[in-house]
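Inside the fold
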Amino acid sequence: MEPKSTKAEPAVNESARAEIPRTNGTNVSVAGQKKRYKPATECVYIESNVKDPYNSSSVPIYQTATFKQTDATEMGEYDYSRSGNPTRTHLETHLAKIMSAKRAFAISSGMGAMDVITRLVKSGEQIVAGDDLYGGTNRLLTYLKSHNTVVHHIDTTNAEAILPFLCPETKMVMLETPTNPLMKIADIKTISDFVHARCPDAIVVVDNTMMSPYLQKPLELGADIVYHSGTKYLSGHHDLMAGVIGVKNEALAEKIYFVINATGCGLAPFDCFLLLRGVKTLSVRMDRQQANAEKIAAYLEDKGFRVRYPGLRSHPQYELHRRMARGPGAVLSFETGDVEMSEKVVESTRLWGISVSFGCVNSLISMPCRMSHASIPAHVRKERNLPEDLIRLCIGIEDVDDLIEDLENALKVAKLLP
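Presented here is an overview of the structure given in this document. (Residues numbered from 1 in each chain as written. Predicted model: local features only at pLDDT ≥ 70, side-chain atom pairs only at ≥ 80, totals over all residues. Heavy atoms only, no water.)

Regarding the pattern of salt bridges
For the structure shown, the criterion picks out 14 salt bridges. In this structure, R103 and E250 form a salt bridge, with 2.7 Å as the shortest nitrogen-oxygen distance. Of this pair, R103 sits in strand 1 (residues 103–107) while E250 sits in helix 7 (residues 250–263), and the two are 147 residues apart along the sequence. For E250, a relative accessible area of 31% gives the class partly exposed. (Salt bridge = Lys/Arg side-chain N within 4 Å of Asp/Glu carboxyl O. Helix = DSSP H or I, 4+ residues; strand = E, 2+ residues; numbered from the N terminus. Buried < 20%, exposed > 50% of the residue type's maximum accessible area, 1.4 Å probe, protein only.)

Listed below in structure tokens is the structure:
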């Protein structure tokens, strides 16, 4: 018989609470509010109200399914790891802080996080989503359509395109920005304002995986829920599967927590430990990867290729992205004009690993239409103007000169450069 569940202390954005003076050197502002540091410091500085009798410098791994109780009728703070675990609480508290969320939740995968979120939409209700989406997102939305959920796909680069679809039945708007793999930009604030004004019961959800909380905070721009594939930049090493959800108010948090607890998809303790360790190095990894990406994007553009990257002034929404984010990120895509030549480029690199993911310290290369987005039917890809020859580059932390040299050699093998 399953133990009675008493949920763990919620992962709350601690900046919203008055600070209690302590003797461990924590800075307190004159107003009594907890001091906020620069983004790089916030990634590293861990603060949590989880009790640790030994004051370990690294968050302990509570590798246990159950917790002993001292009373037969009153359950303690933790009873069953499906409902809550101290290691997970440490992680979620930290994630809530860096995402500017009221509460955060760690899930078993990024798609698991999306599944939890879409369960807030009932049969017969409507979801509005972009027309350039991660392949797994498109797959789940297609499944929901076959189970009596209405899904509309729009060009989210035009905020007003959403207006005809804002009706009482619309309960969720799902955005990616930048999109994967065409690097389109959605105006989160304008779209959120439209949705909240015309559909007060609808929620705006943003997949922020491409940016990470270090570069972009959708909740501060008007979104209601933000989610990440923690497998990508938050972890940074592709050694675990994880998803992260951040919400802006307690009412949504309670709904999200209910689904997680009921379905048992909370992240396991050891994976929580790995993810928290990864987040600590997020800023140094992202700074290096982004700097490399900017140089590689410029190199490819100088060679005459059509490059899709919000860090280039040639990007049609360069200024919009700059207003929303602290940087352009480390993923870009470019076209060769020929599918076979693109295949040759991908297969001729040495340093660039052929893989479907991104956000790792190692640089990766792929053809989305053959790999990550292959589950989208060819005719749908054509309708959405997704070039079959598109190559996606996910830049790592290697020396950028080596990466460019390796890429140039592959372009020469494919006879795209003399």
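A word on the nonpolar core
Buried together is how nonpolar side chains tend to be arranged in soluble globular proteins. In this structure, I296, L300, L332, L393 and L411 are the most contacted members of the largest nonpolar core, which totals 85 residues. Apart from residues lying up to four places away in sequence, L393 is in contact with I296, L300, A330, V331, L332, F334, W352, L364, I365 and L407. Counting residues in hydrophobic clusters, the runner-up holds 29 residues, among them V121, L133, I203 and I256. (Core = buried A, V, L, I, M, F, W, Y, C linked by side-chain atoms within 4.5 Å. Contact = heavy atoms within 4.5 Å.)

Things to note about the packing of aromatic side chains
Following the criterion strictly, the structure yields 5 aromatic pairs and no others. Aromatic pair F67 and Y78: ring centres 5.6 Å apart, planes at 35 degrees, arrangement tilted. Taken as a pair, F67 in the loop between helix 1 (39–44) and helix 2 (86–99) and Y78 in the loop between helix 1 and helix 2 lie far apart in primary sequence, 11 residues in all. Judged by relative accessible area, Y78 falls into the buried class, the value being 10%. Here F270 and F273 contribute two aromatic rings whose centre-to-centre distance is 6.2 Å and whose plane-to-plane angle is 25 degrees, an arrangement assigned as stacked. Placement of both F270 and F273 in helix 8 (residues 269–280) is noted, with a separation of 3 residues, approximately one turn of the helix. Cation over ring: K232 sits above F358, and NZ or CZ is 5.6 Å from the ring centre. Over the aromatic face of Y214 sits the side chain of R326, whose NZ or CZ is 4.6 Å from the ring centroid. (Phe/Tyr/Trp six-rings, centres within 6.5 Å; stacked < 30°, edge-to-face > 60°. Lys NZ or Arg CZ within 6 Å of the ring centre and 35° of its normal.)

Describing the pairing of strand 5 (residues 203–207)
In the case of a regular strand, side chains alternate between the two sheet surfaces. Buried residues dominate strand 5, accounting for 5 of its 5 residues. Covered by surrounding structure in strand 5 are I203, V205 and D207 together with V204 and V206, the residues of both alternating faces. Taken together, the 5 bridges between strand 4 (residues 170–176) and strand 5 define a ladder with parallel strand orientation. Within the sheet, the bridge partner assigned to E176 lies in strand 5 and is D207. Note on the crossover from strand 4 through helix 5 (residues 188–198) to strand 5: the handedness is right-handed. (Pairing = 2+ DSSP bridges. Right-handed = clockwise from strand over helix to strand, strands pointing away.)

Quick look at the packing of helix 3 (residues 110–118) against helix 4 (residues 135–145)
Packing of helix 3 against helix 4 brings their axes to within 10 Å, and their N-to-C directions diverge by 35 degrees. Helix 3 and helix 4 meet at a crossing whose hand is right-handed. In this structure, helix 3 uses M111, M114, D115 and T118 to contact helix 4, whose residues at the interface are G136, T137, L140, L141 and L144. Here the contact of helix 3 with helix 4 is built from residues that sort into 5 nonpolar, 3 polar and 1 charged. (Axes fitted to C-alpha atoms, helices over the stretch in contact; angles between N-to-C directions. Left-handed = near helix turned anticlockwise from the far one by under 90°. Nonpolar A, V, L, I, M, F, W, Y, C, P; charged D, E, K, R; others polar.)

Side note on the sheet that holds strand 11 (residues 364–366)
Read across the open sheet, the 5 strands follow the order 8-9-12-11-10; overall the sheet is mixed. A single partner strand is all that each edge strand has here, and the edge strands are strand 8 (306–308) and strand 10 (353–354). Both strand 9 (residues 331–335) and strand 12 (residues 391–394) contribute to a ladder of 4 bridges, which runs antiparallel. Among the inter-strand pairings, S333 is bridged to a residue of strand 12, identified as R392.

A word on the state of the cysteines
Working definition of a disulfide: a covalent bond connecting the sulfur atoms of two cysteines. All told, the structure shown has 0 disulfides when counted by the stated rule. Between C43, a free cysteine, and C272, which holds the nearest cysteine sulfur, the sulfur-to-sulfur gap is 17 Å. The thiol sulfur of C360 is not disulfide-bonded, and the nearest other cysteine sulfur, from C394, lies at 9.8 Å. (Disulfide = S-S within 2.5 Å.)

What to know about unusual backbone geometry
T177 connects to P178 through a cis peptide bond whose omega is -5 degrees. N180 connects to P181 through a cis peptide bond whose omega is 15 degrees. Positive phi values are uncommon outside glycine, yet H238 reaches one of about 55 degrees. With respect to the helices, strands and loops of the structure, H238 is situated in the loop between strand 6 (225–229) and strand 7 (243–247). One non-glycine residue with positive phi stands out, namely K415, at about 65 degrees. Turning to its location among the elements, K415 is positioned in the segment after helix 13 (400–413). Taking the relative accessible area as the measure of exposure, K415 reaches 71% and is therefore exposed.

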